[in-house]
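Given next are the chains, with one letter for each unit.
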Amino acid sequence: MSTSVPEAEIVVLGNKSLGTIEGSLFGQFLELAGRCINGGAYDPESPMSRPDGVRTDVLEALRELRPTHLRYPGGCAVSYFDWQELVGPKESRPRAKLHRTLRGAQSTAFGIAEAWAYAEELGTELYLCVNAHTQSPEDAANLVEYLNGAGPTKWVDLRRSHGREEPYGVRLFGLGNEIYGDWQAGQKTAEQYAAWCREAIRQMKRADPSIRVVVCGCGRPNPEWDRTVLFATIGLADMISIHNYFGRPVFRDSMGASRVCREMLNALNVAIDEAMDTTLGVHPRAHREFGMLPEVQERPGIAFDEWGVWYHGDRDPVHCLEEVFNYGDALTVATLLHEILRNTRTVKLANVSLAVNMLGTVVTDRDRCVRQTTWYAQKLLRDGHSGRVVETVADGPVFSAKHERFFCGVVDPEKARDETLPTLRHYDDIAALDVLVSVDEAGRKATMSVVQKLEDRPLKTRLSFRGIEPRGGRVKVSRLTGGSLSASNTLDSPHNVGIETETAPLSEVFTFPAASLTVLEFEL
Ligand code: AHR
């Protein structure tokens, strides 16, 4: 080890909590699109599948990430399905529907009951997106009644006739997907959508008052959308969603992604606060637009409904949006998860997008399944962190990066390479160390995950702790392995990037390798 003076310092403020890691922060997303479900998680043709068509190797890879919930069936796909086409005997469902946004026919065989059972097998809950695009609020409420009602009513009887006596008890519902955009069916203006949601949420919650409902936000490209939707649904909606995809071909630029993410969350929080102000009657729009001030039990949370890395992309209708993620992309995923976990006071739900093949954490062919680099970043942080997130100060070198500020899912690889776009955000102060520290519920373990963003040199770092004290003389060190920024895991070469773990003597100084993800676990 070098004897030089540390160039950086991490100070952990163990008594300063930023929030608690709880609820729905580690969601996975299965969409009826590309080869995500059909030909991915569900593939009756594969020798790796059970008789019911579920790929056991994919199920196992997702189970190991311990998802907090499973989002289904879209994404854009939701606008092409009537929920009644996704329930009941498979033989009476339409054989397939066309996903017109991403193109390609999608079988209906993996329907709502199948998604619910899949979530059960993952040990998690189903988060169902309803079709706010081409179906009515009444349809959405009928679906809630079908799933959760005890009856005897028309919709509960329908469920019973499908062989399901007990209510499913689905608690999480999203109302449409990116409905502000013209890339899917049933685009709505904010006013139209807000009116749809007010009616739908009232009816859905009358069918089952225990459900939690997420409305579509748009984020920074159109804060007016968010205001309109929030002002109209405050007191009714539990969360407002935001989508963004990150990453750029130059690694140092990708390392600016989490800053963009932070700015997005901050901006959406301002809109939520404004909506809360309307309930006090002090916001100018409140008097104009509401006859009666809404009552709010709880400030709406943010649902980071789709987040992930997406910039390599293509639009092959069969291998649709199948990105080969590299080691650098895994570090981007880690920085984004850091940002989500730092914001648990306001971010109440998050889904990495997506789980299988299409932008997938896991990739398959007929008989093989590979965990992409991004799977390992998720695994390290999912297993490492729990309990309270505490404040840290990371002092050290900084560097410049630029990153697109919003990218709502329509990938243009040329655009991703364009360094001169006026919409790029330029940062001159990206900290070399991106650090997240959590202290488990029992107060026995502190976990520190560190993305070292400098690609040209290791960073010798002093570690200081206030309010908590590492003991036991040793520290568990887990690392993302890989060798180079461009290393990836492919079906033919599945183990280039992985995780290695060892224990090391506890020391005040730790050297983080160039471009690395390290998780240190300290006994307290
Ligand atoms: O993740 C793929 C697509 O990207 C989803 O269907 C959509 O919501 C987003 O635009």
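Computed from a predicted structure; not experimentally measured. (Residues numbered from 1 in each chain as written. Predicted model: local features only at pLDDT ≥ 70, side-chain atom pairs only at ≥ 80, totals over all residues. Heavy atoms only, no water.)

### Re the domain arrangement of the protein
Reasoning step 1: Here the protein is described as being made up of domain 1 (1-19 + 389-397 + 433-524) and domain 2 (22-384).
Reasoning step 2: Using only C-alpha atoms to locate each centre, domain 1 and domain 2 end up separated by 31 Å.
Reasoning step 3: With 38 residues of domain 1 in contact, the opposing surface of domain 2 contributes 34 residues.
Reasoning step 4: Of the roughly 2,800 Å² buried between domain 1 and domain 2, counting both surfaces, carbon and sulfur atoms make up 66%.
Reasoning step 5: Measuring nitrogen to oxygen at the nearest pair gives 2.7 Å for the salt bridge that ties Asp434 to Arg342.
Reasoning step 6: On inspection of domain 1 and its partner domain 2, the count reaches 16 residue pairs in polar contact (both at pLDDT 80 or more).
Reasoning step 7: Broken down by secondary-structure element, the contributors of at least two residues to the side of domain 1 that touches domain 2 are strand E1 (8-21), strand E17 (433-439), strand E18 (445-452), strand E20 (471-481), strand E21 (498-505) and strand E23 (516-523).
Reasoning step 8: Considering every element that reaches the side of domain 1 that touches domain 2, the biggest residue donor is E18, with 5 residues. (Domains from an automatic or database assignment. Contact = heavy atoms within 4.5 Å. Buried area = accessible area lost by both parts, 1.4 Å probe. Salt bridge = Lys/Arg side-chain N within 4 Å of Asp/Glu carboxyl O. Polar contact = N/O pair within 3.5 Å; in protein donor to acceptor, adjacent residues only side chain to side chain. Helix = DSSP H or I, 4+ residues; strand = E, 2+ residues; numbered from the N terminus.)

### Remarks on the site of the ligand
Reasoning step 1: Taken together, 14 residues sit near the ligand, with Glu31, Cys76, Asn177, Glu178 and Glu306 positioned nearest.
Reasoning step 2: At 2.9 Å, a backbone N or O of Cys76 approaches an oxygen atom of the ligand.
Reasoning step 3: Asn177 places a side-chain nitrogen or oxygen 2.8 Å from an oxygen atom of the ligand.
Reasoning step 4: Its free accessible area being 280 Å², the ligand has 98% of it covered by the protein chains.
Reasoning step 5: Across the shell around the ligand, the residue classes tally to 7 nonpolar, 4 polar and 3 charged. (Near = heavy atom within 4 Å. Areas by Shrake-Rupley, 256 points an atom, 1.4 Å probe, with all protein chains shown as cover. Nonpolar A, V, L, I, M, F, W, Y, C, P; charged D, E, K, R; others polar.)

### Remarks on the sheet that holds strand E9 (residues 239-246)
Reasoning step 1: Around the barrel, 8 strands lie side by side as E2-E3-E6-E7-E8-E9-E10-E11; this closed barrel has parallel pairing. Averaged over all adjacent pairs, the angle separating strand axes in this sheet is 30°, with direction ignored.
Reasoning step 2: In the packing of helix H5 (residues 190-207) onto the sheet, contacts are made with strand E6 (125-130), strand E7 (172-175) and strand E8 (212-215), and the angle to E7 comes to roughly 155°. (Pairing = 2+ DSSP bridges. Axes fitted to C-alpha atoms, helices over the stretch in contact; angles between N-to-C directions.)

### With respect to the packing of helix H10 (residues 327-342) against helix H11 (residues 373-384)
Geometrically, a packed helix pair is captured by the angle between its two axes and the distance between the axes.
Reasoning step 1: At a minimum axis separation of 8 Å, H10 and H11 run at an interaxial angle of 35°. Along this stretch, H10 crosses H11, giving a crossing that reads as right-handed. Contacts from Tyr327, Asp329, Ala330, Val333, Ala334, Leu337 and His338 in H10 reach Thr373, Thr374, Ala377, Gln378 and Leu381 in H11.
Reasoning step 2: Residue composition of the contact of H10 with H11, grouped by class: 7 nonpolar, 4 polar and 1 charged. (Left-handed = near helix turned anticlockwise from the far one by under 90°.)

### A word on the packing of aromatic side chains
Reasoning step 1: Applying the stated rule across the entire model yields 13 aromatic pairs.
Reasoning step 2: Between Trp83 and Tyr146, the aromatic rings sit 5.2 Å apart at their centres with planes inclined by 50°, giving tilted as the arrangement. One end of the pair, Trp83, is in the loop between strand E3 (69-72) and strand E4 (96-98); the other, Tyr146, is in helix H3 (residues 137-148), with 63 residues separating them in the sequence.
Reasoning step 3: Owing to a relative accessible area of 5%, Trp83 belongs among the buried residues under this scheme.
Reasoning step 4: Looking at Arg71, its charged tip hangs above the ring of Phe29, at a distance of 4.4 Å from the centre. (Phe/Tyr/Trp six-rings, centres within 6.5 Å; stacked < 30°, edge-to-face > 60°. Buried < 20%, exposed > 50% of the residue type's maximum accessible area, 1.4 Å probe, protein only. Lys NZ or Arg CZ within 6 Å of the ring centre and 35° of its normal.)

### Re the environment of Pro300
Reasoning step 1: Mapped onto the fold, Pro300 is located in the loop between helix H9 (284-289) and strand E10 (301-309).
Reasoning step 2: Note on Pro300: relative accessible area 4%, which makes it buried.
Reasoning step 3: In this structure, the C-alpha to C-alpha distance between Pro300 and Ala237, residues 63 residues apart in sequence, is 6.8 Å.
Reasoning step 4: Those residues within four positions of Pro300 in sequence are excluded, and the remaining contacts are Leu230, Ile234, Ala237, Asp238, Ile272 and Met276.

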